[in-house]
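Listed below, chain by chain, are the residues.
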Amino acid sequence: MTGPLTRFATRAAYHTRQLPRLAWYAAHGAAVSRLAERVREEEGDSKRPRAHTAAPVPDRSRLYEDMAALFRQDLANVEAGLYPLPADHDGSLLTRLRRSGLFFEDLPSVHRRRESGGHSEVLTEETRSKRPRYYLQNFHFQTGGWMTEDSAQRYDTQVEVLFSGTANAMRRQALPPLHQVFAQRDQRQLRLLDVGCGTGRFLDFAKQAWPRLPCLGIDLSEPYIREAKRHLRRWSWMNLVVANGEAIPVPDASQDAVTSIFVFHELPPKVRRTVFREFARVLKPGGRLVLVDSLQRGDKPEYDGLLELFPQNYHEPYYAGYIEEDFRAMARTYGLTHARDETAYVSKVMVFDKPG
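Computed from a predicted structure; not experimentally measured. (Residues numbered from 1 in each chain as written. Predicted model: local features only at pLDDT ≥ 70, side-chain atom pairs only at ≥ 80, totals over all residues. Heavy atoms only, no water.)

Caption draft 1: Molecular detail of the overall build of the protein chain. Helix and strand counts for the protein chain come out as 13 helices and 7 strands. Projected onto the principal axes, the alpha-carbon positions of the protein chain cover approximately 60 × 55 × 40 Å. Across the protein chain, contacts joining residues at least 24 apart in sequence account for 76% of those joining residues at least 6 apart. Surface summary for the protein chain: the accessible area is close to 16400 Å², and the carbon and sulfur share equals 54%. For the protein chain, the distance from the average site of its 51 positive side-chain charges to the average site of its 45 negative ones is 4 Å. (Helix = DSSP H or I, 4+ residues; strand = E, 2+ residues; numbered from the N terminus. Contact = heavy atoms within 4.5 Å. Areas by Shrake-Rupley, 256 points an atom, 1.4 Å probe, with all protein chains shown as cover. Lys, Arg positive; Asp, Glu negative; His and termini not counted. Charge placed at Lys NZ, Arg CZ, Asp CG, Glu CD.)

Structure (structure tokens):
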């Protein structure tokens, strides 16, 4: 049992790390709002259809309340020993400034695509043969889609600004369900697969918790895998490859756990099922699947309007279908059992097990 001095030191260290980070991304969000207001003054009202919903939308105080609850849970997990005091590894001040520059530099292009509805600039004769059609889009209206080095270096700033500095804390909520199945086991003998690993942020937290855990991360984007390799170069027992979740390049029943973070809302319905079937195939009997993604309709009824507005303001072509998806039924179809769901701010943690 930890004493009051240890708890005080842990809480002080946690807040020392997280509060400046929140302030950094909050300042970005405030700057984006000012820039948007200036654009409206210069260009007048937008010509595109105004985003609308008749469903409830949380007010600012509710959003702040739920953000605070997320960080309280994150700290509680640390104090319970589920994972260590997290290091976000955002890079040096120079690195963060450079990535902020990439983020702000792209805003005029994002605005242009949003106004015009442009979202297929990455679809070319060259890329068409290399990636699935659904993948070759300017998701979030960002330049390069998932296909360029600048996109890979811009992505984490973009997502943290969107979520007001909470994205990493939401990712970490996948760790407690893994702790339940990894505890008291030799981590060197386990296998973790992260599908759609992106720039490697979740795998970084997994390795902080289990440094000797062999991990495999796969993603369809070569630039994002290169960025993940840079971000994760401090860790051994790590393999990162370009691969498709629809055909995961590992044997049947070879993984003790599979994770996928903020991926499923980007997939068409048929692809979701193909990928889910692959998860079930590669899991060992007794293995665990943990998905972290957006809230779905009804998870927090007061957020339902926000879920309807999101795809109207960002290019998210499969999001409306995602929020209605029945993942429990999907799990049953492929032989997995639903263990539980938990909400974490605007995200949802879904846990499934493969019977032993």
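Read on for the rest.
Caption draft 2: The pattern of salt bridges, seen in detail. If you walk through the whole model with that rule in mind, you get 35 salt bridges. Glu-227 is the salt-bridge partner of Arg-99, the closest N and O atoms lying 2.6 Å from each other. With Arg-99 in helix H3 (residues 93–116) and Glu-227 in helix H9 (residues 222–231), this pair connects stretches of sequence that are 128 residues apart. The two residues Arg-99 and Glu-227 agree in class, both being buried. Three or more residues are tied together by salt bridges with common partners; here these are Arg-21, Asp-74, Asp-88, Asp-90, Glu-160 and Arg-172. (Salt bridge = Lys/Arg side-chain N within 4 Å of Asp/Glu carboxyl O. Buried < 20%, exposed > 50% of the residue type's maximum accessible area, 1.4 Å probe, protein only.)

Caption draft 3: Representation of empty space enclosed by the protein. As enumerated under the stated definition, the model contains 1 cavity of 30 Å³ or more in all. Of the voids in this model, the largest cavity is the one considered here, and its volume is about 120 Å³. In this structure, the largest cavity is lined by 13 residues; those nearest its centre are Tyr-25, Asp-90, Asp-156, Thr-157 and Arg-201. Only helix H1 (4–43), H3, helix H5 (149–162) and helix H6 (167–171) provide two or more residues apiece to the lining of the largest cavity. Of the residues belonging to the lining of the largest cavity, the class tally is 2 nonpolar, 3 polar and 8 charged. (1 Å grid on protein atoms, 1.4 Å probe; cavity = no way out; pocket = protein on both sides within 12 Å on 5 of 7 lines; lining within 4 Å. Points joined across faces, edges and corners; volume = space filled by probe spheres on them. Nonpolar A, V, L, I, M, F, W, Y, C, P; charged D, E, K, R; others polar.)

Caption draft 4: Here's a closer look at the packing of H3 against H5. Where H3 meets H5, the closest approach of the two axes is 9 Å, and the angle between their N-to-C directions is 85 degrees. As summarised for this structure, H3 and H5 are arranged roughly perpendicular, according to the angle between their axes. Here H3 contributes Arg-98, Arg-99, Leu-102, Phe-103 and Asp-106 to the contact with H5, which in turn contributes Asp-150, Gln-153, Arg-154, Thr-157, Gln-158 and Val-161. Looking at the contact of H3 with H5 residue by residue, the class counts come to 3 nonpolar, 3 polar and 5 charged. (Axes fitted to C-alpha atoms, helices over the stretch in contact; angles between N-to-C directions. Parallel < 35°, antiparallel > 145°, perpendicular 65-115°, else oblique.)

Caption draft 5: Structural detail: the layout of surface pockets. By volume, the second largest pocket is sized at about 260 Å³. Along the wall of the second largest pocket there are 14 residues; nearest its centre are Arg-99, Glu-227, Arg-230, His-231 and Arg-233. The set of elements that each furnish at least two residues to the lining of the second largest pocket consists of H3 and H9. Grouping the constituent residues of the lining of the second largest pocket by class yields no nonpolar, 6 polar and 8 charged.

Caption draft 6: Structural view of helix H8 (residues 201–209). Burial analysis of H8 places 9 of its 9 residues in the buried class, which makes it a mostly covered element. The complete set of buried residues in H8 reads Arg-201, Phe-202, Leu-203, Asp-204, Phe-205, Ala-206, Lys-207, Gln-208 and Ala-209.

Caption draft 7: Local environment of the nonpolar core. Grouped together as the largest cluster of nonpolar side chains are 88 residues, with contacts concentrated most on Phe-264, Phe-276, Phe-279, Leu-289, Leu-291, Phe-327 and Phe-352. When residues in this core are grouped by element, the largest group, 6 residues, is from helix H10 (residues 269–282). When near neighbours in sequence (up to four residues on either side) are disregarded, Phe-352 contacts Phe-276, Gly-287, Arg-288, Leu-289, Leu-291, Phe-327, Ala-331, Leu-336, Thr-337, His-338 and Ala-339. (Core = buried A, V, L, I, M, F, W, Y, C linked by side-chain atoms within 4.5 Å.)

Caption draft 8: Geometry of the sheet that holds strand S5 (residues 283–294). Strand order in the open sheet formed by 7 strands is S3-S2-S1-S4-S5-S7-S6, and the pairing between neighbours is mixed. The open sheet terminates on both sides in strands that have one partner only, identified here as strand S3 (238–242) and strand S6 (337–344). The average angle at which neighbouring strand axes cross in this sheet is 15 degrees, direction not considered. In the sheet, strand S2 (residues 215–219) pairs with S3 via 5 bridges, with the strands oriented parallel. Opposite Ile-218, over in S3, you have Val-241 as the bridge partner. This element, H10, spans strand S1 (192–195), strand S4 (255–261), S5 and strand S7 (347–353) of the sheet and lies at about 145 degrees to S5. (Pairing = 2+ DSSP bridges.)

Caption draft 9: Structural detail: the environment of Arg-328. Along the polypeptide, Arg-328 turns up in helix H13 (residues 327–333). With a relative accessible area of 44%, Arg-328 lands in the partly exposed category. Put simply, Arg-328 and Asp-341 are 13 residues apart on the chain and 10.0 Å apart in space, counted from C-alpha to C-alpha.

Caption draft 10: Quick look at the packing of H1 against H5. Contact pair H1 / H5: the axes reach a minimum separation of 8 Å and the direction vectors enclose 85 degrees. The angle between the axes of H1 and H5 places the two elements in the roughly perpendicular class. Here Arg-21, Tyr-25, His-28 and Gly-29 of H1 lie close against H5, whose contacting residues are Thr-157, Glu-160 and Val-161.

Caption draft 11: Unusual backbone geometry, seen in detail. Phi is positive for Phe-141, close to 65 degrees, though the residue is something other than glycine. With respect to the helices and strands, Phe-141 occurs in the loop between helix H4 (125–128) and H5. One non-glycine residue with positive phi stands out, namely Gln-184, at about 65 degrees. Within the secondary structure, Gln-184 sits in the loop between helix H7 (175–182) and S1.

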